[in-house]
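Examination of the molecular architecture
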Protein chains: 2
Amino acid sequence: MAKITHVSPLAPKAGFPSLPVIDGVRFAALEAGVRYSGRTDLMLADLCEGTTVAGVFTRSSTRSAAVLDCEQKIGLDLDGRAAILVNSGNSNAFTGKSGFDAVAKITGALAEETGVDAQRIFTSSTGVIGEPIKWERITAKIGELNAALDADGMELAARAIMTTDTFPKGATQTVSLDGAEVKIAGFAKGSGMIAPDMATMLAYIFTDAAISRDVLQQCLWLANAKTFNCVTVDGDTSTSDTVLLAATGKAEMAPITEFSDPRVEAFRTALHAVMKDLAIQIARDGEGATKLIEVQVTGANANGPAHRVAKAIANSPLVKTAVAGEDPNWGRIVMAVGKSGERAERDRLTIWFGDILVAEKGWVSPSYTEEAGAAYMKNDEILIRVDLGLDDGAATVWTCDLTHGYITINADYRS
Amino acid sequence: MAKITHVSPLAPKAGFPSLPVIDGVRFAALEAGVRYSGRTDLMLADLCEGTTVAGVFTRSSTRSAAVLDCEQKIGLDLDGRAAILVNSGNSNAFTGKSGFDAVAKITGALAEETGVDAQRIFTSSTGVIGEPIKWERITAKIGELNAALDADGMELAARAIMTTDTFPKGATQTVSLDGAEVKIAGFAKGSGMIAPDMATMLAYIFTDAAISRDVLQQCLWLANAKTFNCVTVDGDTSTSDTVLLAATGKAEMAPITEFSDPRVEAFRTALHAVMKDLAIQIARDGEGATKLIEVQVTGANANGPAHRVAKAIANSPLVKTAVAGEDPNWGRIVMAVGKSGERAERDRLTIWFGDILVAEKGWVSPSYTEEAGAAYMKNDEILIRVDLGLDDGAATVWTCDLTHGYITINADYRS
């Protein structure tokens, strides 16, 4: 692991949030020594009977054995107890047949210890690619892990899945569904190799809502498209990206079984807020980040093109280094719009830094001054707004600047 | 301009090559002070009557006024004298209507001074985006420039178009066409904002071959697809990429007027060699580069997918920083193949560093040792070979590593 000697300057000032107990979920974390030493690297979430589980995963064609295993299980219509087991230090990706064997050994050992059906055990692995995972270090700890389960252990779990992260990431919301106070809480990791093509990184979200698997999956998919899928650190997509959402059904509510249920909208809003919070924390902890960048694109001919233009800006090394240098170099934003491959007309483009109108009608705005732009760029959080002036397609993407810190971390760290 | 305090360690050891005089072409360069001071920033190439001119340009939707002007002129069937005028320091891109006015002022002044039809005057501008170009500094120098024309001035011209380049880039070939010794020579600039989607950067190539405009254009297009289009430094596509190829027809040969002419193949081979040489020099001068990286992809289901997989590897910040750190981190190559969006099957992938077999059959090769990989990564020139094992699609892409130097240059320089 890279030596993380300081916490990202963009870390939430309040530290890790106080997360509520989610009735029906217990956590444990410990040191298994998969690769790291002197820190926790293995976490277990135990999910009560009746929990529905939804998931979205990387679309990488070289995705890991754990991801392939989860994908196969996520659609099964089972509702007994369930579990999520995650290790950091080794991603078990590109490890051939032995990678699948390792997943089977781990899930088999956990099933034996806990009595949970192996088809309801979801695993993730994050860390170095292409090295055989020392699965026996994980299976050796399963008894101890199971004995340590605690409803109040979510922060410990969040810490155990970190790799180059400089702070653990948690978020929570409560939502009233027909009088029932439903809780949603979760955590995520992610710092580099962040450019999810659908899911991103590892994130685990828990709720006591009673909600069927199909509806839960649809809520997750929709929220994911506007949250984790809208974060990029370096344009590199991981082999292991996984988001799991588990609903224990312990809240005092009649189960939601249809997407048309009027309570779904409130649930989705709260779920979206939790996932957006976690997604932005990932951008805040982007490797080497010193600035959080939000890119808002409006006026595209559809939402898809808006998203691709926003990604082209957010992934441009020249835009990201300009922000790092506090240089209001809006010409590089024009360049990135131009290279996106999406329709854009120079004379309809409008660009703002925050509320500062920078360029319009194919030209720098008469009201813009370099001084105003330079002063704005000194902020920790930079908003880049681009209106394409074509139609009402819109998208927002979050990223961070590209600094010497990114180079130092990645010329040094095997991930 | 960034303070370029040292020449790229990857610059050709022999320095700028000795370029031949191309009969029918003369060059001049001088200091116009468009933005820089204490260096040349304006160059003129004067082309004799009968010269055919071919061009390829950036496909950016925000391409510059000069590019739009060239595109409109390049297809015209005119054969009088011609000229190419290039300034560095300001790209005249995203400068609204005044950008077009500036091009008209510059080409008009040059037409008046030289008698060349303005429709045969091709201009390029490179440098900062979005600032009005001080065209009057250029027009003020046109008389002096025209008076300085010299058949032997190609190196001076190459130096005048540099921006963050650390060395001027030239290349030459001769080819015998039915006994006529035809010369091809040219020069290029480019160092950052390099990810041509068709043309790249600025390159100007001259030949005394007698060859019709249509055939010349086709030769250029084909060579470009395998040379400049296969270079990337940072995945960012310029608003100004331009390649112009001018054939004066002064060689003692019957004109080539059909692409089926048997002499075309020899001409294409020599042209390809010049353009590949220049393209690789651009990668060698990539901003902050310490390693030249060649990515060869074979076994794809077609050449297009092979090119996109090669680009995904060559543009991956994680691959590029691993090379910078001399880390044989082949897992990041697996990641980049996976994220490319192209078809790949984990168990058919084979990866080599140079001649060292690294991974095959979904797993690290039994013969591979970390020591051998680490020793290989100490080379200045790194060959990454990936075979997808699907069909016979192939592509080669050149790039460089991603270092602190790139960050320093781009957090500091307005381009």
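Residues numbered from 1 in each chain as written. Chains lettered and ligands numbered in written order. Predicted model: local features only at pLDDT ≥ 70, side-chain atom pairs only at ≥ 80, totals over all residues. Heavy atoms only, no water.

**Quick notes on the overall build of chain A**
The number of helices and strands found in chain A is twelve helices and 15 strands. A compact globule built from 415 residues should have a C-alpha radius of gyration of about 22 Å, and chain A, at 22 Å, falls within 12% of that. Counting the 415 residues in chain A, one finds 62% classified as buried. A fraction of 82% describes how many contacts in chain A between residues 6 or more apart in sequence connect residues 24 or more apart. For chain A, the exposed area adds up to about 14200 Å²; of that, 49% sits on carbon and sulfur atoms. Each charge class in chain A can be summarised by its mean position, and for the 39 positive and 52 negative side chains these summaries are 4 Å apart. (Helix = DSSP H or I, 4+ residues; strand = E, 2+ residues; numbered from the N terminus. Rg over C-alpha atoms; globule rule 2.2 N^0.38 Å. Buried < 20%, exposed > 50% of the residue type's maximum accessible area, 1.4 Å probe, protein only. Contact = heavy atoms within 4.5 Å. Areas by Shrake-Rupley, 256 points an atom, 1.4 Å probe, with all protein chains shown as cover. Lys, Arg positive; Asp, Glu negative; His and termini not counted. Charge placed at Lys NZ, Arg CZ, Asp CG, Glu CD.)

**Some thoughts on the packing of aromatic side chains**
Residue and element names in this part refer to chain B. Tallied over the entire structure, the rule returns twelve aromatic pairs over all chains. Ring centres of F27 and F187 lie 6.1 Å apart, and the angle between their planes is 70°; this geometry places the pair in the edge-to-face category. Highlighted residues: F27 in strand β1 (residues 25-30) and F187 in strand β7 (residues 180-189), separated in sequence by 160 residues. The class for F27 is buried, based on a relative accessible area of 2%. With a relative accessible area of 0%, F187 lands in the buried category. Taking 5.8 Å as the distance between ring centres and 50° as the angle between the ring planes, the aromatic pair formed by F187 and Y204 counts as tilted. Taken together, the residues span a long stretch of sequence, with F187 in strand β7 and Y204 in strand β8 (residues 202-207) at a distance of 17 residues. (Phe/Tyr/Trp six-rings, centres within 6.5 Å; stacked < 30°, edge-to-face > 60°.)

**Remarks on the domain arrangement of chain A**
Residue and element names in this part refer to chain A. Considered domain by domain, chain A is made up of domain 1 (25-284) and domain 2 (292-410). The gap between the C-alpha centroids of domain 1 and domain 2 is 33 Å. Listed as interface residues are 15 residues of domain 1 and, on the opposing side, 15 residues of domain 2. Taken together, both faces of the contact between domain 1 and domain 2 bury some 1200 Å²; the carbon and sulfur share is 59%. (Domains from an automatic or database assignment. Buried area = accessible area lost by both parts, 1.4 Å probe.)

**Digging into the interface of chain B and chain A**
Contacts between the two partners involve 55 residues from chain B and, on the opposite side, 55 residues from chain A. Here chain B packs against chain A, burying approximately 4800 Å² in sum over the two surfaces, 59% of which is carbon and sulfur. For the pair chain B and chain A, the interface holds zero salt bridges. Applying the counting rule to chain B against chain A returns five residue pairs in polar contact (both at pLDDT 80 or more). Taken together, the elements giving at least two residues each to the side of chain B that touches chain A come down to α2 (96-114), α9 (317-324), α10 (331-339), β13 (363-364) and α12 (404-410) of chain B. Residue contributions to the side of chain B that touches chain A peak at seven residues, all from α10 of chain B. Considered class by class, the residues forming the side of chain B that touches chain A number 23 nonpolar, 22 polar and ten charged. (Salt bridge = Lys/Arg side-chain N within 4 Å of Asp/Glu carboxyl O. Polar contact = N/O pair within 3.5 Å; in protein donor to acceptor, adjacent residues only side chain to side chain. Nonpolar A, V, L, I, M, F, W, Y, C, P; charged D, E, K, R; others polar.)

**Quick look at the sheet that holds strand β5 (residues 121-128) of chain A**
Residues and elements named next belong to chain A. An order of β1-β2-β4-β5 is seen for the four strands of this open sheet, with the pairing classed as mixed. Two strands lie at the open edges of the sheet, namely β1 (25-30) and β5, each paired on one side alone. Adjacent strand axes in the sheet meet at a mean angle of 10°, parallel and antiparallel pairs treated alike. The pairing of β1 with strand β2 (residues 42-47) spans six bridges and is classified as antiparallel. In the strand pairing of β2, L30 is matched with L42. Running at roughly 135° to β5, helix α2 (residues 96-114) makes contact with β2, β4 (82-90) and β5 of the sheet. (Pairing = 2+ DSSP bridges. Axes fitted to C-alpha atoms, helices over the stretch in contact; angles between N-to-C directions.)

**Points about the packing of helix α1 (residues 65-74) of chain A against α2 of chain A**
Residues and elements named next belong to chain A. Where α1 meets α2, the closest approach of the two axes is 8 Å, and the angle between their N-to-C directions is 60°. By the angle class used here, α1 and α2 are oblique. The hand of the α1/α2 crossing is right-handed. Note on element contacts: α2 touches α1 through G99, F100, V103 and T107, opposite A65, A66, L68, D69 and K73. (Parallel < 35°, antiparallel > 145°, perpendicular 65-115°, else oblique. Left-handed = near helix turned anticlockwise from the far one by under 90°.)

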